[in-house]
Every structure is written in C-alpha cells, then in structure tokens.
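# Architecture at a glance
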Amino acid sequence: MCFSAEASFAAGIALVPAGIYCLWSAGIKKPGFLGLAVVPLAFGIQQVSEGFVWHALDHGDAGQARAPALVFLFFALAFWPFWFPFLTAVMEPQLQRKWIFVVFSVLATVWFWVLFYPLAAGPESLLKIESVNHSIQYDYPDLAVYTYVDKAPLRVLYFLTVALPPLLGSETWGRIPGLVLGASALLAVVVFDYAFVSVWCFFAAVMSIYCCVVFHRLPVPGTAKVETTGAPPNAS
C-alpha cells in the first residue's frame, strides 16, 4: 500500500473487524453470502502483511521483508484472481451461468502456478522488494511466464479474471465491486505502474466498505425485506 507501515497497519486493523462483522452478519442473515463476507477480512490480513513489509524495509532488512511479502503476494497473485470468480459461481442463481463461473474459477488457479508458486518455491533472487515513491514495488521480471507472455497483456488477463465475473454475474451485488476493481486497476496502471500490485490492492481494499453496506442492508430472516439501492436482491 502507499504511504507507510502505519497506513498499511491502520487499513488492516480497520478491515479485520469489518470482516468479522460481515461474517457475523452473513451467518445470521444470509449464509450463502459467507464467501463475500470473507473479502474485507482477507484484505485486512493482506494489508497487515504489507505493514510488516514496510517495517522491514524501513529498518533496512530486505531479507526480513520476504516472508510478509509472500503473504501479501499470495493474496494479490493467487487468491483474488481465484476468489472473485469462485465467489460469483457460488452466489450465481442461474445454473447455466453458475457452471461458466465454475470453469472460470478452475482456470483462474493458473495464476497460482505461473505467478505465485515460482516466487515462493524459487530462489530469493526472483523477488525484488523496494520502496519507490512512497509505494512498495514487488518486482519479479525473471519469472518464466514472461518468456512467453509480455507483462502488459498478462496484466490485462489478470485484471479481467478479477473484475469480469462480478460484473457478469446475474446478482446485482457484483456490479459495484466489479466496477471498483476495474477502475482501481486502471488508475493503478496509469498513475502507479511502478507499484501496480501494491497500489491496486489498496484501492481494492476500499471496496470492502461496500461489503459492509451490503451486509448492513440485508434483512434479518423473518423481517420485512426492504429493497435498498446498492443492496443485493433477495437471492436464495
């Protein structure tokens, strides 16, 4: 995330209880939305991990930054590209669309193997971590996948993997997250290309606020269901 260790820790500390609230609310109001409720908590853990990356870099210990950086990159490179298609598949009420998103989710696991696994299992020299213009740059130019696919089209594919499923699902809950994910990725590319992964994940974490709104507006079972702008429909 931009700015500092304090900013990353503050974001993480705010998102973790927000995630706990969403999980509690989903458990009471709509258990089928538990996958969506995980989003703020996971973003919170990710931001806290980057706080530790900042802490290590601020103390000049790049070696100590590797472990929390891998936690951060697990979410950025492997978890989110899988979770949003999987989440859309779980929440999709239309059977035909559901199977499309299931296939999409299976295909999305390729990001774990081509981006994250080589960094975690390969030599430490594959991953370079440094602070650039008050942001953290995670640099891994020597990954094997870049031998076959340039970084720009690979980033577009990654981007579509994350943002398209929520946009294309028939549930209205996904429209705003899909647009936020898309717009934030575009902004991160244009303004913060040198630290795309870090900055995009920060902007995406802001989307967690929307999740809190969704769960706050969900009706408690047995009460009158009120339609509210931005709230998900009465999905089964």
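Every value quoted in this text rests on a predicted model; they were computed, and no experiment measured them.

On to the packing of aromatic side chains. Tallied over the entire structure, the rule returns 20 aromatic pairs. Centroid distance Trp 111 to Tyr 158: 5.6 Å. Interplanar angle 85°. Geometry classified as edge-to-face. One end of the pair, Trp 111, is in helix α5 (residues 110-121); the other, Tyr 158, is in helix α6 (residues 151-168), and 47 residues separate them in sequence. Neither residue differs from the other here; Trp 111 and Tyr 158 are each classed as buried.

Here we take up the packing of helix α1 (residues 5-29) against helix α2 (residues 34-58). At a minimum axis distance of 7 Å, the contact between α1 and α2 shows a crossing angle of 165°. One element, α1, and the other, α2, form an angle in the roughly antiparallel class. For the pair α1 and α2, the crossing hand works out as left-handed. Here the residues of the contact of α1 with α2 are counted per class, giving 20 nonpolar, 8 polar and 2 charged.

Looking now at the confidence of the model for the protein chain. Mean pLDDT for the protein chain: 83, with 78% of residues reaching 70 or above. The weakest mean pLDDT in the protein chain belongs to helix α7 (residues 175-191) at 63; the strongest belongs to α5 at 96. pLDDT under 50 marks residues 225-229. Its contacts with residues more than four places away, or in other chains, come to 5 contacts.

This part takes up the pairing of strand β2 (residues 135-139). Within β2, 4 of the 5 residues are buried, which leaves it mostly tucked inside the rest of the structure. Two elements, strand β1 (residues 128-132) and β2, share 5 bridges in a ladder whose sense is antiparallel. Bridge assignment links Glu 130 to a residue of β2, and that residue is Gln 137. With antiparallel pairing between neighbouring strands as the criterion, β1 and β2 make up a hairpin whose turn holds 2 residues, including Asn 133 at a positive phi of roughly 50°.

Okay, the packing of helix α3 (residues 62-91) against α5 next. The geometry of α3 relative to α5 is characterised by a closest axis approach of 9 Å and an angle of 175° between their N-to-C directions. Between α3 and α5, the angle falls in the class roughly antiparallel. Taken together, the residues of α5 that come into contact with α3 (itself represented by Arg 66, Leu 70, Leu 73, Phe 74, Leu 77, Ala 78 and Pro 81) are Trp 111, Phe 112, Leu 115, Phe 116, Leu 119 and Ala 120. Classifying every residue of the contact of α3 with α5 gives 12 nonpolar, no polar and 1 charged.

Before going further, it helps to examine the environment of Phe 72. Relative to the helices and strands, Phe 72 is located in helix α3. Counting along the chain gives 20 residues from Phe 72 to Phe 52, while the straight-line C-alpha distance between them is 9.8 Å.

Attention now moves to the environment of Ala 37. Tracing the chain through its elements places Ala 37 in helix α2. A relative accessible area of 0% places Ala 37 in the buried class. The spacing of Ala 37 and Phe 215 is 178 residues in sequence and 8.1 Å in space, taken between C-alpha atoms. Once residues lying within four places of it in the same chain are set aside, the contact partners of Ala 37 are Gly 19, Cys 22, Leu 23, Ala 26 and Phe 215.

Thresholds, definitions, all that
Residues numbered from 1 in each chain as written. Predicted model: local features only at pLDDT ≥ 70, side-chain atom pairs only at ≥ 80, totals over all residues. Heavy atoms only, no water. Phe/Tyr/Trp six-rings, centres within 6.5 Å; stacked < 30°, edge-to-face > 60°. Helix = DSSP H or I, 4+ residues; strand = E, 2+ residues; numbered from the N terminus. Buried < 20%, exposed > 50% of the residue type's maximum accessible area, 1.4 Å probe, protein only. Axes fitted to C-alpha atoms, helices over the stretch in contact; angles between N-to-C directions. Parallel < 35°, antiparallel > 145°, perpendicular 65-115°, else oblique. Left-handed = near helix turned anticlockwise from the far one by under 90°. Nonpolar A, V, L, I, M, F, W, Y, C, P; charged D, E, K, R; others polar. pLDDT = per-residue confidence, 0-100. Contact = heavy atoms within 4.5 Å. Pairing = 2+ DSSP bridges.

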